[in-house]
Amino acid sequence: MNQELDRHDLAEALIRPSPRQETYAGWQRWRTTRGQFAPAPQLTLAEWRALSPAQRALHDLHRTATHVNLPLQETPMSLKVARLVNRRIRNNALKTRPSTRAGVMVTGWGYQGKTETVCEVAAAFEDAWLTMHNYVHPGAVDGTRDLHAPVAYVQTPVTAKPKSTCQSILGFFGAETRRLTLPQLIRQVADSLDDHVTKALI
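In this report, we go over the structure that sits alongside the text. (Residues numbered from 1 in each chain as written. Predicted model: local features only at pLDDT ≥ 70, side-chain atom pairs only at ≥ 80, totals over all residues. Heavy atoms only, no water.)

Within the protein, the secondary structure is distributed over eight helices and two strands. For the protein, the α and β elements follow one another from N to C terminus as α-α-α-α-α-α-β-α-α-β. Put simply, of all contacts in the protein between residues at least 6 apart along the chain, 61% involve residues at least 24 apart. Surface summary for the protein: the accessible area is close to 13600 Å², and the carbon and sulfur share equals 55%. (Helix = DSSP H or I, 4+ residues; strand = E, 2+ residues; numbered from the N terminus. Contact = heavy atoms within 4.5 Å. Areas by Shrake-Rupley, 256 points an atom, 1.4 Å probe, with all protein chains shown as cover.)

And the structure:
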């Protein structure tokens, strides 16, 4: 077992702050680092007993970090949801008419992997979309550094109202929302999604 590698992986897991996906910077950090955590190596009982007490403690801590960072397991239902969400995001992204874009609502009990499944599909879409555009904002004005945010992720309370939903969306982009009326918020949300070439809103 490479103890230095284990220490590095464990230190990364312990000191890395949980990314806040509901901001542009947080979503980008999560999207670009997802799947980087290296799980603890599997040891036989004999191999574990051969470790020094300090190495055992380190390995056990790494195993705990591995258990709380288990990857989402694919199931027939998660694959079906992923295919539907992926198809809907791609279809909407390629739509050129001003007609309404269809959405998807994923329902189910808590801790079933709904958010993680949808976010993973959206992140994979963003990876592909950015690559297709060479990581450049396709509508940027020369001399500017407009953010290119193909995906926006926001969290709202279950009882969210239109105003708080708009504020959450604008908060993703770091926009100021104080003293704006609901019609002004709606207009600003539409402008922000358009300005950042956002193709999927989660």
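In this section: helix 6 (residues 114-132). Look at helix 6: 27 Å from first C-alpha to last across 19 residues, which is about the 27 Å you get at 1.5 Å a residue. Those residues of helix 6 that sit buried are Thr117, Val118, Cys119, Val121, Ala122, Ala123, Phe125, Glu126, Trp129 and Leu130. Of the surrounding secondary structure, the elements contacted by the buried residues of helix 6 are helix 2 (24-33), helix 5 (76-94) and strand 1 (151-152). Within two residues after helix 6, Asn134 carries a phi angle of roughly 55 degrees, on the positive side. (Expected span 1.5 Å × (residues − 1). Buried < 20%, exposed > 50% of the residue type's maximum accessible area, 1.4 Å probe, protein only.)

The next thing to look at is the environment of Phe172. As for its placement among the helices and strands, Phe172 is situated in helix 7 (residues 162-172). Of the residues examined, Phe172 reaches a relative accessible area of 1% and is grouped as buried. Phe172 sits 150 residues away from Glu22 along the chain, and the two C-alpha atoms are 5.6 Å apart. Sequence-distant contacts of Phe172, defined by excluding residues within four places in its chain, comprise Gln21, Glu22, Thr23, Tyr24, Trp27, Val151, Ala152, Tyr153 and Val154.

Orientation of helix 7 relative to helix 8 (residues 182-195), taken along the N-to-C sense of each, is 35 degrees, at an axis distance of 9 Å. For the crossing formed where helix 7 meets helix 8, the hand is left-handed. Across the interface between the two elements, Pro162, Lys163, Cys166, Gln167, Ile169 and Leu170 from helix 7 touch Leu182, Leu185, Ile186, Gln188, Val189, Ser192 and Leu193 from helix 8. Considering only residue class, the contact of helix 7 with helix 8 consists of nine nonpolar, three polar and one charged. (Axes fitted to C-alpha atoms, helices over the stretch in contact; angles between N-to-C directions. Left-handed = near helix turned anticlockwise from the far one by under 90°. Nonpolar A, V, L, I, M, F, W, Y, C, P; charged D, E, K, R; others polar.)

All right, on to the environment of Leu201 then. Along the chain, the position of Leu201 falls in strand 2 (residues 200-201). Once the C-alpha coordinates of Leu201 and Val151 are considered, the two residues, 50 residues apart in sequence, prove to be 5.9 Å apart. Those residues in contact with Leu201 that lie beyond four places of it in its chain are Ala152, Val154, Ile169 and Leu193.

Tallied over the entire structure, the rule returns seven salt bridges. Here Arg31 ties to Glu126 by a salt bridge, and the two come within 3.3 Å at their closest N and O atoms. Within this pair, whereas Arg31 is found in helix 2, its partner Glu126 is found in helix 6, the two being separated by 95 residues in sequence. Residues Arg31 and Glu126 agree in their burial class; the two are buried. Taking the shortest distance from any N to any O, the salt bridge between Arg34 and Glu120 comes out at 3.1 Å. Of the two residues, Arg34 is situated in the loop between helix 2 and helix 3 (45-49) and Glu120 in helix 6; the sequence distance between them amounts to 86 residues. Classification of Arg34 as partly exposed rests on a relative accessible area of 22%. Within the structure, one salt-bridge network assembled from shared partners comprises Arg31, Arg34, Glu120, Glu126 and Asp127. (Salt bridge = Lys/Arg side-chain N within 4 Å of Asp/Glu carboxyl O.)

The next thing to look at is helix 2. Those residues of helix 2 lying buried are Tyr24, Gly26, Trp27, Gln28, Trp30 and Arg31. Buried residues along helix 2 sit against helix 6, strand 1 and helix 7. Trailing helix 2 by a residue or two, Gly35 shows a phi angle of about 80 degrees, which is positive.

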